[in-house]
Amino acid sequence: MRSEGRTLRGAALPEWPPPGGSNRDGSHGCEPPEEDTGGPAATTGAALPTVALPPSAVTTAVSATITLQQLTDQLQALETEAAAAIGAAADPAELEQLRVDLLGKKGRLSGVLGAMGRLPGEERPQVGQRANVLKEQVQSLLGERLHQLQSSALADRIARETLDVTAPCRYVPPGHRHPLQATVEEILDIFAGLGYRVSEGPEVESDHYNFTALNIPPHHPARDMQDTFYLAPGADGGERLLRTHTSPVQIRHLEANPPPVRIVAPGRVYRRDAVDATHSPVFHQVEVLALDEGLDFSHLRGTVTTFLQRFFGDLPVRFRASYFPFTEPSAEVDVRWRGRWLEVMGCGMVDPAVLEGLGIDPERWSGFAAGLGVERFCMVRHGIDDIRRLYTSDLRFLEQF
Ligand code: 2NL
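Predicted, not measured: the structure shown is a model, and the values here were computed from it. (Residues numbered from 1 in each chain as written. Predicted model: local features only at pLDDT ≥ 70, side-chain atom pairs only at ≥ 80, totals over all residues. Heavy atoms only, no water.)

1. Some points on the site of the ligand
Near the ligand there are 15 residues, and of these Gln-285, Glu-287, Phe-326, Ala-369 and Gly-371 occur at the shortest range. Here Gln-285 contributes a side-chain N or O atom positioned 3.2 Å from a nitrogen atom of the ligand. A distance of 2.9 Å separates a nitrogen atom of the ligand from a polar side-chain atom of Glu-287. Computed on the free molecule, the ligand has an accessible area of 480 Å², of which 90% lies beneath the protein chains in the complex. Those elements that provide at least two residues to the shell around the ligand are helix H11 (247-256), strand S6 (282-293), strand S9 (340-350) and strand S10 (365-373). A breakdown of the residues in the shell around the ligand according to their chemical character gives eight nonpolar, six polar and one charged. (Near = heavy atom within 4 Å. Polar contact = N/O pair within 3.5 Å; in protein donor to acceptor, adjacent residues only side chain to side chain. Areas by Shrake-Rupley, 256 points an atom, 1.4 Å probe, with all protein chains shown as cover. Helix = DSSP H or I, 4+ residues; strand = E, 2+ residues; numbered from the N terminus. Nonpolar A, V, L, I, M, F, W, Y, C, P; charged D, E, K, R; others polar.)

Given below as structure tokens:
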């Protein structure tokens, strides 16, 4: 390959006449330019795809003596044939094959030059010069054809890949977050600013995580207020239901993470309620839980007040005693909104029974929890009169946000 490479770069044809001049070995002339001594294969060369050498040329090449005229004819025939084959080459790979067949170490030109040794010494320079001319011509034909093929391939590609930059685009109307989602994110942002991490969990829950672990045993009256939707038992035969609050997320979090804990759990929850202007069987909740050493009701009060004043503005906030099975004491929280007290969330100190159920020592750890309905926050903030407007995807409504 290497010596063939030299041939192609045009350095391999020997100077003509060769340096040193006379016939040191007593033969008629120089040996052929390379070790290729003109055996039949080299002489005839590999057949070109399109044009074959005339039989006479082939036979002449292998005979013992040869005339100047015969060699010149062979070179002429080779030139004609090469020009036709190069002109007909369909792609660069075919051209490369032609180059090897014509100019390569075992190619056609080498074959003709191999026969040159049988000419009388004074005739050889003529053949050598003719061969050099032929070689340069073939090289430039190869180069021109390669250039032609490459530019027509490029032109084809440009034609194929035309892009109409004036074509109208597909219209994607600009949108924005749903007001409910925006409310969730705003609430989470406020708690994130107070050092809470977001935690999420499954909407399909077990009775244990949704009720029992929250100090709501079977037949507890609180189960009536949070009636839900039941699914067929899971693979393990356990009861499955749609969670009625995101508290199970906090139970799961406490099982996996030892206190201290500060988390906020957003998500969709379900209750068996009839639809009206303020109720939906599917709604959204955010619950908060803080568990640490030394937490008391003042921390709960400060945290909830700070949160509400960041969300609604610097308004009066009041706590009223209430009841939840999972907190003790418990409170409802109201804000003074446009001249009226509005109940917006519930909260309390985590009931020691909940902590004991989790194997957490209530003598050491205490905490508070709070829960709110996102729809209510969204409706109060924007003056929305009916919860159903949040679910019906009416653009005349949504575009107002
Ligand atoms: C409401 C009231 C509340 C909680 C949720 C809670 C969670 C755990 C332990 C104790 Cl793991 N409590 N959550 C506590 C008090 C109130 O929600 O009105 N929600 C819409």
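2. Describing the sheet that holds strand S2 (residues 204-205)
Strand order across the open sheet formed by three strands is S2-S4-S3, with antiparallel pairing between neighbours. The open sheet has two free edges, formed respectively by S2 and strand S3 (230-231), since each of these has just one partner strand. Pairing analysis gives two bridges linking S3 to strand S4 (residues 240-242), with the strands arranged antiparallel. When the sheet's bridge partners are listed, Leu-231 is paired in S4 with Arg-240. (Pairing = 2+ DSSP bridges.)

3. As for the pairing of S9
Most of S9 sits inside the fold, with eight of its eleven residues counted as buried. Strand direction decides the pairing type here: strand S8 (residues 327-337) and S9, joined by nine bridges, are antiparallel. The residue of S9 that forms the bridge with Arg-336 is Trp-341. Remark: two residues form the turn of the hairpin made by S8 and S9, two consecutive strands paired antiparallel; Arg-338 in that turn has positive phi of roughly 50°. Sheet topology places S9 next to S10; five bridges connect them, and they run antiparallel. (Buried < 20%, exposed > 50% of the residue type's maximum accessible area, 1.4 Å probe, protein only.)

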